[in-house]
Amino acid sequence: MNVNDVEQSFYRLKKIKFKETIVPIVLQNLNGPCPLLAITNILLLRGHISIHEDKSFVSPDELLSLVGDFILHSNSEANEEMRQNFELSMADAMEVLPKTLFGLDVNVKFRSITAFEYTKEMVIFDVCKIRLVHGWLPDPNADLDLFNLLHNISYNQLVEKQINLEDRLDNIKIDSPPQPTTTTSPITTTSTTSTTSTSTTIEPIQRAQSMSPNSYDKWKKGQDKLNTLTHEGLLAEKFLNETASQISNYGLSSLQSGLYEEELCVLFRNNHFSTLYKHDGYLLDLVTDLGYSSENVVWERLSQIDGNTVFLNSDFTMYQPSTPTFHAYASSANGDANLAVYEMQSEALQHDEDFALAMRLQEEENKKQVKTKKIRSTTHPLGNNTTTPSDQDITSEKKHKFRKHKNQQSSDHDHDDKCILQ
């Protein structure tokens, strides 16, 4: 069996440094089982399972065995009722586990980063104590109609609204107002003679007024339903087109604030499951692409949804080519392309630092407002009038603080090519 055959039927391992420990991670091959790999890599990084250090490849059966053994021996519930519930969940998980070799069907709900339709497939994450998250959320501040539409429905329901819109409209039975009878009336023309003309044009409101009350109510309800279906269909199409990558800016911000520091979880995005890690306030996606197997590329920052990205090595500094200096690397045959990649990463890194700084300033402001409210509640229990800074003053102060911090940051990093995370 040659190397290509091995890589097609087995999964390559890559050793990385994680929390001062050398840990193997499983890399994704062509059409590999991303749910199983994401779960396996989290358990490896947590130290809950291990693979012998001499191994360079691992088989699908070995991965299933590792995860299965962990599930079977992870029942630590002290309460008898909880233990029984866990055992039932464990049985479901063992039934679902082989399916992770081929993918899992999940149905996103647009209510929160952890909202999914609960199915038997979801139990595999529960018994492994791994959160499954997504960033596919509508922004309530940008489009309230869209937010209200999506808040209580799932992805499947949203798609149904879009693809079945025309069929539904065709099936709606709407009673059109009766055609008016023709009337003859004299019309004076510019000539000295008078003539008669037949008028058959009546405004829609006049046609509706000519209906009986019962017929009008039925017609009006049909029109309202038609308008509602059309509006919902257009909103669904707009949202799906604008979030084709299955993540939104609001969803990214929700992930940033919703994950715990040092948390490892599984991110669902682009119909793909990946290992997500929050470290030092940043969201980091574990890089499992086979193309990076020989490079010191471990993490990819998740701070933008437009494709610009920053790759980091195992000590969370920006990845640079493995040459003595970047200038020697940039002067190679592909120097222009490499320089463009380096500049793109630098620009994305600056965007990341600005985003993280803005988030920290917002958290400080929120804490300050909460503290101020507590002081007012203690000092003025009867709700006496007090003077508070306006939103404009707070915003101006925040912007001044942000500019001051950013100018200082830029000065400190003018000659720092590695852009080490703070």
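The rules we used
- Residues numbered from 1 in each chain as written.
- Predicted model: local features only at pLDDT ≥ 70, side-chain atom pairs only at ≥ 80, totals over all residues.
- Heavy atoms only, no water.
- Helix = DSSP H or I, 4+ residues; strand = E, 2+ residues; numbered from the N terminus.
- Buried < 20%, exposed > 50% of the residue type's maximum accessible area, 1.4 Å probe, protein only.
- Areas by Shrake-Rupley, 256 points an atom, 1.4 Å probe, with all protein chains shown as cover.
- 1 Å grid on protein atoms, 1.4 Å probe; cavity = no way out; pocket = protein on both sides within 12 Å on 5 of 7 lines; lining within 4 Å.
- Points joined across faces, edges and corners; volume = space filled by probe spheres on them.
- Nonpolar A, V, L, I, M, F, W, Y, C, P; charged D, E, K, R; others polar.
- Pairing = 2+ DSSP bridges.
- Expected span 1.5 Å × (residues − 1).
- Salt bridge = Lys/Arg side-chain N within 4 Å of Asp/Glu carboxyl O.
- Contact = heavy atoms within 4.5 Å.
- Axes fitted to C-alpha atoms, helices over the stretch in contact; angles between N-to-C directions.
- Parallel < 35°, antiparallel > 145°, perpendicular 65-115°, else oblique.
- Polar contact = N/O pair within 3.5 Å; in protein donor to acceptor, adjacent residues only side chain to side chain.
- Core = buried A, V, L, I, M, F, W, Y, C linked by side-chain atoms within 4.5 Å.

## What to know about the overall build of the protein
Within the protein one finds 14 helices and 11 strands. Across the 422 residues in the protein, those meeting the buried criterion constitute 38%. By element, 49% of the accessible surface of the protein is carried by carbon and sulfur atoms, the whole surface being about 25200 Å².

## Topic: the layout of surface pockets
Approximately 380 Å³ is the volume found for the largest pocket. Lining the largest pocket are 21 residues, with R269, H272, S274, D285 and E300 sitting closest to its centre. Those elements that place two or more of their residues in the lining of the largest pocket are β7 (264–269), β8 (272–279), β9 (282–286) and β10 (299–301). Class assignment of the residues belonging to the lining of the largest pocket gives a composition of seven nonpolar, nine polar and five charged.

## A word on the pairing of β8
Here is the key point about a regular strand: its side chains alternate between the two faces of the sheet. The buried fraction of β8 is high, at seven of eight residues. As paired strands, β7 and β8 are joined by six bridges and run antiparallel to one another. By the bridge assignment, R269 is partnered in β8 with H272. Hairpin connection from β7 to β8: two residues lie between these consecutive antiparallel strands, with N270 at a positive phi of about 55°. Judged from the four bridges that link them, β8 and β9 form a sheet pairing that is antiparallel. By the bridge assignment, L276 is partnered in β9 with D285. What sits between the antiparallel neighbours β8 and β9 is a turn of two residues, in which D280 has the positive phi angle 55°.

## Quick look at helix α2 (residues 34–46)
End to end, α2 covers 18 Å across 13 residues, agreeing with the expected 18 Å (1.5 Å per residue, within 8%). Counting buried residues along α2, 12 of its 13 residues qualify, which places the element largely inside the surrounding structure. Looking one or two residues beyond α2, the residue adopting positive phi is G47, at roughly 85°.

## What about empty space enclosed by the protein?
By the definition in use, this model includes three cavities of 30 Å³ or more. In this structure, the largest cavity is lined by V26, Q28, C34, L37, A38, N41, H272, F273, S274, T275, L286 and T288. Within the residue set of the lining of the largest cavity, elements represented by two or more residues are α2 and β8. Split into classes, the residues belonging to the lining of the largest cavity amount to six nonpolar, six polar and no charged.

## Description of the pattern of salt bridges
Pairing is possible between side chains that carry opposite charge, provided their charged atoms lie close to one another. Overall, the coordinates contain seven salt bridges when judged by the stated rule. Here R131 ties to E263 by a salt bridge, and the two come within 2.8 Å at their closest N and O atoms. Residue R131 is found in the loop between α5 (123–127) and β4 (132–133), and its partner E263 is found in the loop between α11 (249–258) and β7; the two are separated by 132 residues along the sequence. Taking the relative accessible area as the measure of exposure, R131 reaches 25% and is therefore partly exposed. In this structure E263 comes out as buried when scored by relative accessible area, which is 11%.

## Remarks on the sheet that holds β4
Judged by pairing direction, the sheet is mixed, and its six strands sit side by side in the order β4-β7-β8-β9-β10-β11 without closing on themselves. The open sheet has two edge strands, β4 and β11 (311–312), and neither has a second partner. Its contacts with the sheet place α2 against β7, β8, β9 and β10, and it is angled at close to 25° to β8. Here α11 sits on the sheet in contact with β4, β7, β8 and β9, set at roughly 100° to β9.

## Regarding the packing of helix α3 (residues 60–72) against helix α4 (residues 80–96)
Relative orientation of the contacting elements α3 and α4 amounts to 170°, with a least axis distance of 10 Å. Relative to α4, the element α3 lies roughly antiparallel. Across the interface between the two elements, G68, I71 and L72 of α3 pack against F86, M90, A93 and M94 of α4. When the residues that make up the contact of α3 with α4 are grouped by side-chain class, the tally is six nonpolar, one polar and no charged.

## Here's the deal with the side chain of N313
By the element assignment, N313 lies in the loop between β11 and α12 (326–330). There is a polar contact of 2.9 Å between the side chain of N313 and the side chain of T317. The contact partners of N313, leaving out residues within four places of it in the chain, are N296, V298, W299, M318 and Y319.

## Here's the deal with the sheet that holds strand β3 (residues 57–58)
Two modes of strand pairing occur in sheets, parallel and antiparallel, and in both the strands are linked by backbone hydrogen bonds. Taken in spatial order, the three strands line up as β2-β1-β3 in an open sheet, and their pairing is antiparallel. The open sheet has two free edges, formed respectively by β2 (21–26) and β3, since each of these has just one partner strand. Here strand β1 (residues 11–18) pairs with β2 via six bridges, running antiparallel. Counted as the bridge partner of K14 is I25 from β2.

## Quick look at the environment of C34
Note on placement: C34 falls in helix α2. Separated by 254 residues in the primary sequence, C34 and T288 place their C-alpha atoms 9.7 Å from one another. Those residues in contact with C34, other than ones at most four positions away along the chain, are Q28, H272 and F273.

## A closer look at the nonpolar core
Grouped together as the largest cluster of nonpolar side chains are 68 residues, with contacts concentrated most on L45, I71, I124, L132, F273 and W299. For this core, the element with the most residues is α2, which contributes nine residues. Look past the residues within four positions of W299 in its chain and what remains in contact with it is F18, L45, Y277, L284, D285, L286, V287, V310, F311, L312, N313 and F316. Core analysis: the next-biggest nonpolar cluster, separate from the first, contains 12 residues, L137, I247, L259 and L267 among them.

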